[in-house]
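Per-entry structural report
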Amino acid sequence: MKQRSSSLSCSTLSIATTPATAPALAIAASRSALRGRKGVLAALVAAAFLAGCGDPALEQQAKFEREFNTLLATYENTVTGSTALHASNPSAESLAALRALAEQAKSLSGGTPKQQESATELAASIFRIAGGMELANACRMEAEQEVVRGVAMSAAMIAADLDAIAASAEAIDYSDATRGAEAVKARSAQATRALQEALRAVELPLGQLVEQIETGAARISQLDAEAAVLLRKSRESTPVAGLAFVEEAAKIQTDSRTAQRDIGEKAIDADNLESARNLTQVALSDAKGLQTAATEALDFVAAYRAEVDGSTAKLREMASDMRKKADGLMASIAAERAGPLKAAYEAATTDFSNAASSDALRMVLMAEELRLKMSEVQGHGAQGRMLAATGGAGLAEVKTSAEAAITALKEKATAAAEAMEASADEKLAELKTLIGETKKAAESMTVEKLLAPPAIAEKPSTATKPARESAGSSGRSMSGGAGGGVEDIEAWVTEYNAAVETEPSKAIEMTLATMDDSTPVGKAMKDMTGPLLSAMAPLFDAMQAKFGTTKLDLGGMGGGMAGGMGGGVTKLEKVSLEDDRAVYRDADGKEMTFVKTSSGWKADIGATLEAAGMSEEQAAQALPMAQAMMGPLMGAMKKAAADVAAKIESGEITSAEAAGTAMQAAIQEAAAGMFGGGGGGRRGRGAPGGGGGGDGGN
């Protein structure tokens, strides 16, 4: 179920840490406690007047109560009427106004010890709420930075790819192509010149022979004509005279025959020269054609090189632009971390310190401070991983900061654990477990583990038919947990989809049964999501039966809960199915990966972590604290889900939207207890947000 989470410390550790909901929950807690506090104050004021108005001490106490009441009214108007406080990112001015009220409460004097205690508790409560809002603001910035980091890393990687393509283009060797064409061109040019000389050498004697043949032919024609005239004269003359003509004609004919033999010999020579000329002309044409082809090849290589050079320049320009964008985004993150984010962490630390008005409350605030430190550590880790992946500047500084943050977390966790061990208050048992788990997680932390990149998912080979013992996506054991896997994944999905429409709780059970818990991380993930999903199962059953849907809109409050409570239970659609790996997608677009093991198909938890950009080592550091943070809420969540389910079945709640609203109210009430507004201690209702652990029975 692929759902990216920027930091477990901010998004999955607790409902109260969700940035968009923490201010609203804190203010809801304050309203509840204010109503109880005002009744107590009214009684105190009445008692003061009954005792008499002339006593200076009583007048001072009455003055204290008036000032305290005025302050309470201002505080109530501030937390109920300030839209800035209800925003997902409360303004600095609104938080400053809260702290100013806290300082006023601290500065009140002249009252009885109980009155002073109330003022102190009110100041502590306000400081705690301000601190919670600052921490929520820090978590919001951390989450937003993770999104920006993703964009920056993508831009940097694209720039690197473009540079690599450009470098490959620049490395093309054109010498072989040009060398061959140039050699052909040179040879053909040389051959052309030689053939042209040879042709001229043939054409000159051929021309002379042709001229001689033409002259000889004309002479033969003339001799033949003269012989014919003499023979005619011989016929016309006397025998004696005709004999002379005949003898002369015979002599001329002998000369003609001699000339004809000479012309015949010259014709043979001319024919030979003509053949040689034709062959030379053919060779010359071939040489010229080869020279033209070589020239065209050189022109093509030159044009291709020019085009490649132009494209390379564009690639370099694009890479430079992408790198500038990545650098700009990384610079903006660094500036925010050094400025507003650092200030938010420091302000929250100061606020929590000011909120510790009693030993019991100090114990409660230790968890808040640990959550703050964990968020800060995870933020350094995310920043370092980005710089390491992109080669950005400042990695050494981030490593130094991360080392200091880890050290501070370990020291804080150790001190908190020791304080918890020394406390005998049974009410702090859940906090004791939470802090102990956090200490354990902190002790295993190192900068190297924190900055280690996520493991690269390798797609399992489909060539091997037998089931494998290890999952291709994460390389760890997938032999299964307590139970066996699914024999036929397609049949299982068919059954699961049918259960979604009829009995969502069964679909939840089927999901949990397939989760691989053979590794510590897998077990921790299952232990954290299992109770929450099981707690919600009756509500989903009731919603499906009455409304035909399990879609539960928690108004943005479900983002911090494991298992996607806000999404409900939806059908799965096949994305891919291979011999030993299957991927399905739910209606919200989240993917669930199954891997075939020796004991059947199992849901690959490692794939979910990798999709969220987190290695198993990083998850192992954060999950114990996440599990401990979720633990205290399970009882309240289970009761709330059961109550809302009962109201749906009875008809009191008539729509899925109303069910979401009812669950929101239940979550706020549970969160108010975490903020300390729900009472505890001897007085039952303390100052707004300040009675989380009570006062231990003062």
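Just so we're clear, the structure is a prediction, and the values are computed from it rather than from any experiment.

Cut-offs and rules
Residues numbered from 1 in each chain as written. Predicted model: local features only at pLDDT ≥ 70, side-chain atom pairs only at ≥ 80, totals over all residues. Heavy atoms only, no water. Helix = DSSP H or I, 4+ residues; strand = E, 2+ residues; numbered from the N terminus. Buried < 20%, exposed > 50% of the residue type's maximum accessible area, 1.4 Å probe, protein only. Contact = heavy atoms within 4.5 Å. Areas by Shrake-Rupley, 256 points an atom, 1.4 Å probe, with all protein chains shown as cover. pLDDT = per-residue confidence, 0-100. Axes fitted to C-alpha atoms, helices over the stretch in contact; angles between N-to-C directions. Parallel < 35°, antiparallel > 145°, perpendicular 65-115°, else oblique. Left-handed = near helix turned anticlockwise from the far one by under 90°. Pairing = 2+ DSSP bridges. Core = buried A, V, L, I, M, F, W, Y, C linked by side-chain atoms within 4.5 Å.

On to the overall build of the chain, then. Regarding its fold elements, the chain presents 18 helices and four strands. Residue burial in the chain is summarised as follows: out of 698 residues, 45% are buried. Once local pairs closer than 6 in sequence are excluded, the contacts in the chain between residues at least 24 apart make up 75%. Carbon and sulfur atoms provide 56% of the accessible area of the chain, an area that totals close to 32,400 Å².

Looking at the chain as a whole, its pLDDT mean stands at 76, while 77% of the residues score no less than 70. Per-element confidence in the chain is highest for strand β1 (residues 572–577), whose mean pLDDT is 91, and lowest for helix α1 (residues 8–11), whose mean pLDDT is 44. Across residues 29–53 the pLDDT falls below 50, and counting only partners more than four positions away or on other chains, this stretch makes 40 contacts in the model. A low-confidence stretch, residues 556–566 (pLDDT under 50), is modelled with 30 contacts involving residues beyond four sequence positions or located in other chains.

The geometry of helix α3 (residues 56–81) relative to helix α5 (residues 92–107) is characterised by a closest axis approach of 11 Å and an angle of 165° between their N-to-C directions. Of the possible angle classes, the one that applies to α3 and α5 is roughly antiparallel. With respect to the hand of their crossing, α3 and α5 are arranged in left-handed fashion. Note on element contacts: α5 touches α3 through L98, L101, Q104 and A105, opposite L71, T74, Y75, T78 and V79.

Okay, the sheet that holds β1 next. Across the sheet, which stays open at both edges, the four strands sit in the order β1-β2-β3-β4 with antiparallel pairing between neighbours. Taken across any chain shown, the strands that pair with only one partner, and hence form the sheet edges, are β1 and β4 (600–603). In this sheet, neighbouring strand axes are inclined to one another by 30° on average, regardless of whether the strands run parallel or antiparallel. As judged from the four bridges shared by strand β3 (residues 591–597) and β4, these two strands associate in the antiparallel manner. Looking at the pairing, F594 lines up with A603 of β4.

What follows is about the environment of A656. With respect to the secondary-structure elements, A656 resides in helix α18 (residues 656–675). Accessibility expressed as a relative area gives 10% for A656, which makes it buried. Residues A656 and K546 lie 110 residues apart in sequence; the distance between their C-alpha atoms is 8.9 Å. In this view, A656 contacts M543, F547, T549 and K551; residues no more than four positions away in its chain are not counted.

Attention now moves to the nonpolar core. Of all hydrophobic cores here, the largest spans 60 residues; its most connected members are Y75, L98, L122 and I435. Those elements that provide at least two residues to this core are α3, α5, α6 (113–170), α8 (239–355), α9 (359–390), α10 (395–422), α11 (429–443) and α12 (447–451). For this core, the element with the most residues is α6, which contributes twelve residues. Residues V493, L539, L552 and A656 belong to the second largest nonpolar core, which totals 45 residues.

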